[in-house]
Structures are given as C-alpha cells and as structure tokens.
Amino acid sequence: MTIENISQAKVHGGWHKQYTHDSKALGCNMRFAIFLPPQASSDNPVPVLYWLSGLTCTDENFMQKAAAFESAAKLGIAIVAPDTSPRGDGVPDDPDGAYDFGLGAGFYLNATQKPWKQHYQMYSYVVDELPALIEKHFPVSDVRSISGHSMGGHGALTIGLKNQDSYRSISAFSPITNPMECPWGIKALSNYLGEDKVSWEEYDACRLLAKHGSKLPILVDQGDADGFLEQELKPNHLIDVAAQQSLDFELRMQTGYDHSYFFIQSFISEHLAFHAKHLLK
C-alpha cells in the first residue's frame, strides 16, 4: 500500500498532510487528509479520530473549516478525513447529476447493485483498508474513535455501532439517523442495495441501535435551525430508540444553529474533548 504526499502545512505545532493512494476496496485512486499533532512520533504513537464528511464534501471541508487543529494538538489526537465516495472518470455517477447520490455521496456502505457495486464499497474502505494504511505509514496507534457530519454522521453511527470493538467512542453532527425513513436515505439505499429492505437495516442507525444497543459512548449535536431537520435527519427517531435502552448517549439540540460548518466549528472542541476521555485513558 503505497501513498503519495500531495500537500502539507505546519499548523499548531503539528502537520496537516494530504495523500493519494490506489484503493483496492474501491478500485480507484483516493485521497485522504491527516492531522498529526506535535506529540506524534515513532516512540509515541497517538490515537486517531476518523472523521466522515457529508454529501458533496471531500477531505478538505472538515480540515479547512472545522477549526479542530488547536484542540487536537493540545490533546494529542490525530485526525483522519477520507473522501466521501470513490472518484474518477470510470466511477459511475447519478445519471441526472444530482448532488445526493453518486460521486460525493457514497453513504459509507457496500453497494450490492450494478453499476455501483464495483466501486461503491466505502464501508470496507473506512472500516478496513484506510485504518490499515494509516497505521502502517504514520505514528499512530490502533486506538480509534469515529465522528462525522450529516451523511458522515450516519456513517459514524452505523460503522461505530457495527464495529464496537474497533472504536472507543462515537459522535456526530446533524446525522442522518434513520435513512430508511427519509428521501436522501431511500434514494441511496434503494439504488446501492436494491429493494430488499432487510439489507437496508444494516446501514440505519436507528435499526442498529435498537437491535444491538451500544457499549460505546455516543454524543450527537443537532442544530434546531437546520433546514434538513424534519425531512432528512429525524433526530427524534434516534432519541426514541435510545430512550428504550440503558446507554451512554446524549443528543443535544443547539438553539439557532444550522447545518453548516459554522455549527461544527462551534462545538468541535467539545467533541474532541469527549473523544479524548476515551481515547487517552
């Protein structure tokens, strides 16, 4: 697994770096970014927070807009941000060019339907291939947490809940909590997975939480001025499922905040501190 460094910049005593590599899971060239705090060295591998971004995003949205580096540097936590889907001329896209499906909208699942299944294997990429690559090439440990925004919040919740032995904690901003019940999710799940809704349940946080519970602590922040709140995100569905179980779970409704990175920037330090309690113990 070779990687190519395409950019780097020193920030808060650490380094932000971008890399590309050929992904076996996705069958295309992929890009990711990593922030390495100043504490990271071969003698002191640091834990990693994996960040999953939302629809249309790349690794750059979080790394450039979230203002996470100062807190991560103080805490000694690396951050890894992959792209949101496979990319390239040979990767199929939404035939109508819609933003909510195809390129930039991999939904962090393993597609089973043609023509998507050849490349749209983001679940395997995030769970297996990317961590193996990161742990091989950088001074990090295999101690991991996971977070994300919107579609990436959906990814963080579903991946974390399905792989509870691989992560220490889960958080999300404005996640798509119940994709089986919202237009974004129905479009993605029906195209990537087909019409058998039993298979959809494996990528729905509400269904997974109801089925498996969670031994991991979970923090979710949601703005009450989010334009996607009622139709697409449905945090009340997640609250209802969590209320039926004994969990380390908190969903905070934040007054006046929308779906943007201004919202993420306002609370990212609290999310990093939340993860640090579990990553550094």
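Above: the structure in question.
What counts as what
Residues numbered from 1 in each chain as written. Predicted model: local features only at pLDDT ≥ 70, side-chain atom pairs only at ≥ 80, totals over all residues. Heavy atoms only, no water. Helix = DSSP H or I, 4+ residues; strand = E, 2+ residues; numbered from the N terminus. Contact = heavy atoms within 4.5 Å. Buried < 20%, exposed > 50% of the residue type's maximum accessible area, 1.4 Å probe, protein only. Pairing = 2+ DSSP bridges. Phe/Tyr/Trp six-rings, centres within 6.5 Å; stacked < 30°, edge-to-face > 60°. Lys NZ or Arg CZ within 6 Å of the ring centre and 35° of its normal. Core = buried A, V, L, I, M, F, W, Y, C linked by side-chain atoms within 4.5 Å. Salt bridge = Lys/Arg side-chain N within 4 Å of Asp/Glu carboxyl O. 1 Å grid on protein atoms, 1.4 Å probe; cavity = no way out; pocket = protein on both sides within 12 Å on 5 of 7 lines; lining within 4 Å. Points joined across faces, edges and corners; volume = space filled by probe spheres on them. Nonpolar A, V, L, I, M, F, W, Y, C, P; charged D, E, K, R; others polar.

### Section: the side chain of His 16
- Looking at the element boundaries, His 16 is found in strand 2 (residues 14-23).
- When sequence neighbours within four positions are dropped, the list of residues in contact with His 16 reads Ser 7, Gln 8, Ala 9, Val 11, Ala 33, Ile 34, Phe 35, Met 63 and Phe 69.

### Considerations on the pairing of strand 6 (residues 140-148)
- Summarising burial for strand 6: 8 of the 9 residues are buried, a large majority.
- Pairing between strand 4 (residues 46-52) and strand 6: 6 bridges, direction parallel. The residue bridging Trp 51 from the neighbouring strand is Ser 147, located in strand 6.

### So, the packing of aromatic side chains
- Under the definition given, this model contains 17 aromatic pairs.
- Ring geometry for Tyr 19 versus Phe 138: centroids 5.1 Å apart, planes at 75 degrees, classification edge-to-face. Here the residue Tyr 19 occupies a position in strand 2, and Phe 138 occupies one in the loop between helix 3 (122-137) and strand 6, the gap between them amounting to 119 residues.
- For Phe 138, a relative accessible area of 8% puts it in the buried group.
- When the centroid spacing of 5.0 Å and the interplanar angle of 70 degrees are considered together, the rings of Tyr 257 and Phe 267 count as edge-to-face. Linking Tyr 257 in the loop between strand 9 (249-254) and helix 10 (261-279) with Phe 267 in helix 10, this pair joins segments that are 10 residues apart in sequence.
- Ring-pair connections join several aromatic residues into one group, and the members of that group are Trp 51, Phe 62, Phe 173, Tyr 257, Phe 263 and Phe 267.
- Lying across the ring of Tyr 123, Lys 162 places its NZ or CZ 4.6 Å from the centre.
- Over the aromatic face of Tyr 203 sits the side chain of Lys 162, whose NZ or CZ is 4.3 Å from the ring centroid.

### Things to note about unusual backbone geometry
- Along the chain, Lys 114 connects to Pro 115 via a cis peptide bond; the corresponding omega equals -5 degrees.
- Relative to the helices and strands, Pro 115 is located in the loop between strand 5 (78-82) and helix 3.
- Notably, Phe 107 is not glycine yet its phi reads approximately 60 degrees, a positive angle.
- At Ser 174, a position not held by glycine, the phi torsion is positive, near 45 degrees.
- Considering the arrangement of structural elements, one finds Ser 174 in the loop between strand 7 (170-173) and helix 5 (183-193).

### Some thoughts on the nonpolar core
- Counting 65 residues, the largest nonpolar core has Phe 107, Ile 134, Ile 146, Ile 159 and Tyr 192 as its most contacted members.
- In this structure, Phe 107 is in contact with Leu 55, Thr 84, Asp 100, Met 151, His 154, Ile 176, Trp 184, Gly 185, Ala 188 and Tyr 192, ignoring residues within four places of it in sequence.
- Ranked by size, the runner-up nonpolar core spans 24 residues in total, among them Ala 66, Ala 68, Phe 69 and Leu 272.

### Topic: the pattern of salt bridges
- If you walk through the whole model with that rule in mind, you get 14 salt bridges.
- One salt bridge connects Asp 100 with Lys 187, and the closest N-O pair in it is separated by 2.8 Å. With Asp 100 in the loop between strand 5 and helix 3 and Lys 187 in helix 5, this pair connects stretches of sequence that are 87 residues apart.
- Owing to a relative accessible area of 13%, Asp 100 belongs among the buried residues under this scheme.

### Observations concerning the layout of surface pockets
- If you add up the space inside the largest pocket, you get close to 190 Å³.
- As for the largest pocket, its lining consists of 14 residues, of which Leu 55, Thr 56, Cys 57, His 149 and His 259 are closest to the centre.
- Class assignment of the residues belonging to the lining of the largest pocket gives a composition of 6 nonpolar, 7 polar and 1 charged.

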